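Structural overview
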Amino acid sequence: RGEWLQLLREQGLAGKGLDTNRVTIEQCREAGLDVVEGDAMEYLRGLPDACLGAITGFHIIEHIPFTDLVRLIDECLRVLNPGGIAMFETPNPENLVVGSCSFYNDPTHLNPLPPLVSQFLLGARGFESVEILRLTENRAVERLPLQPAEEQNSGKLNTAIEFINRHFGAAPDYAVIGYKP
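So, here's what we can say about the structure. (Residues numbered from 1 in each chain as written. Predicted model: local features only at pLDDT ≥ 70, side-chain atom pairs only at ≥ 80, totals over all residues. Heavy atoms only, no water.)

**Some thoughts on the pairing of strand β3 (residues 52-58)**
Our working rule: Strands qualify as paired when DSSP identifies two bridges or more between them. Counting from the N terminus, the helices are the DSSP runs of H or I reaching at least four residues and the strands are the DSSP runs of E reaching at least two.
Where β3 lies against strand β4 (residues 80-91), six bridges are found, and the strand directions are parallel. Across the sheet, residue Gly57 finds its bridge partner in β4, namely Phe88.

**Considerations on the nonpolar core**
We count it as follows: Throughout this description, the term nonpolar core refers to a set of buried Ala, Val, Leu, Ile, Met, Phe, Trp, Tyr and Cys residues connected via side-chain atoms within 4.5 Å. Burial classes follow relative accessibility: with a 1.4 Å probe on protein chains only, a residue under 20% of its type's maximum area counts as buried, one over 50% as exposed, and anything between as partly exposed. What makes two residues a contact is simply this: any of their non-hydrogen atoms within 4.5 Å.
With 23 residues, the main nonpolar core has Leu44, Leu69, Cys76, Phe127 and Val176 as its most contacted residues. No other element matches helix α4 (residues 66-79), which puts seven residues into this core. Ignoring sequence-local partners within four residues, the contact set of Val176 consists of Ala86, Met87, Phe88, Ser118, Gln119, Leu122, Val130, Glu131 and Ile132. By size, the runner-up hydrophobic cluster in this structure holds six residues, among which are Leu8, Ile25, Leu33 and Val35.

**Quick word on the sheet that holds strand β6 (residues 173-179)**
This is how the line gets drawn: To get an axis, fit a line to the C-alpha atoms, keeping to the stretch in contact for a helix; angles then go from 0 to 180 degrees between the N-to-C directions.
Ordered in space as β3-β4-β6-β5, the four strands form an open sheet in which the pairing is mixed. Whereas interior strands pair on both sides, the edge strands pair on one side only; in this sheet they are β3 and β5 (128-135). Shown here is a sheet whose adjacent strand axes are inclined to one another by a mean of 10°, direction ignored.

**Observations regarding unusual backbone geometry**
Of note in this structure, Ala50 is not a glycine but carries a positive phi near 50°. As for its placement among the helices and strands, Ala50 is situated in the loop between α3 (40-45) and β3. Residue classification places Ala50 among the partly exposed residues on the basis of a relative accessible area of 34%. One non-glycine residue with positive phi stands out, namely Ser129, at about 50°. Within the element layout of this structure, Ser129 appears in strand β5.

**A closer look at the environment of Glu3**
To keep it simple, the criterion reads: Two N or O atoms form a polar contact when they lie within 3.5 Å of each other; inside protein one atom must be a possible hydrogen donor and the other a possible acceptor, and for residues adjacent in sequence the pair counts only when both atoms belong to side chains.
Summarising the element assignment, Glu3 is placed in helix α1 (residues 3-10). Residue classification places Glu3 among the partly exposed residues on the basis of a relative accessible area of 44%. In this structure, the C-alpha to C-alpha distance between Glu3 and Cys101, residues 98 residues apart in sequence, is 26 Å. Polar contacts involving the side chain of Glu3 include one to the side chain of Arg1, which spans 2.9 Å.

Okay, structure coming up:
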């Protein structure tokens, strides 16, 4: 939808958008944003080695078959400059509502990617300092308070409350971020 490109422009940074959705492309162009219609893998394959400072992908990796995702990550590594950054945002299946239900509201989603899988994948393909940033932590869920220690059965109850807070209050999205050596 162009929000990231608009933010980059406001910060004086150049950015180019890529999407397969023609409606989105037209909306972005009407907003004066630099966008192209196309497939990410084909676009990256057409670029020379070490030509970009950053690659970002918002809610795309959950749409890509795993073997194609590995190839996409390899292409990102190839086209990034040394020290370049790759960042991909995706739904977070650590949040039980996301992992068991809302992820599947989009019929084009293939499989949820747990944060540790994404982190491992970028690291295994050659990225360094790979980290996970959990986004919009607890945006829709108010955390349940723990019971005072002096309350009867507070230990068992607090264990259950911590489980509920951790799995239902987990960030609904996360980003995996890695740097090219």
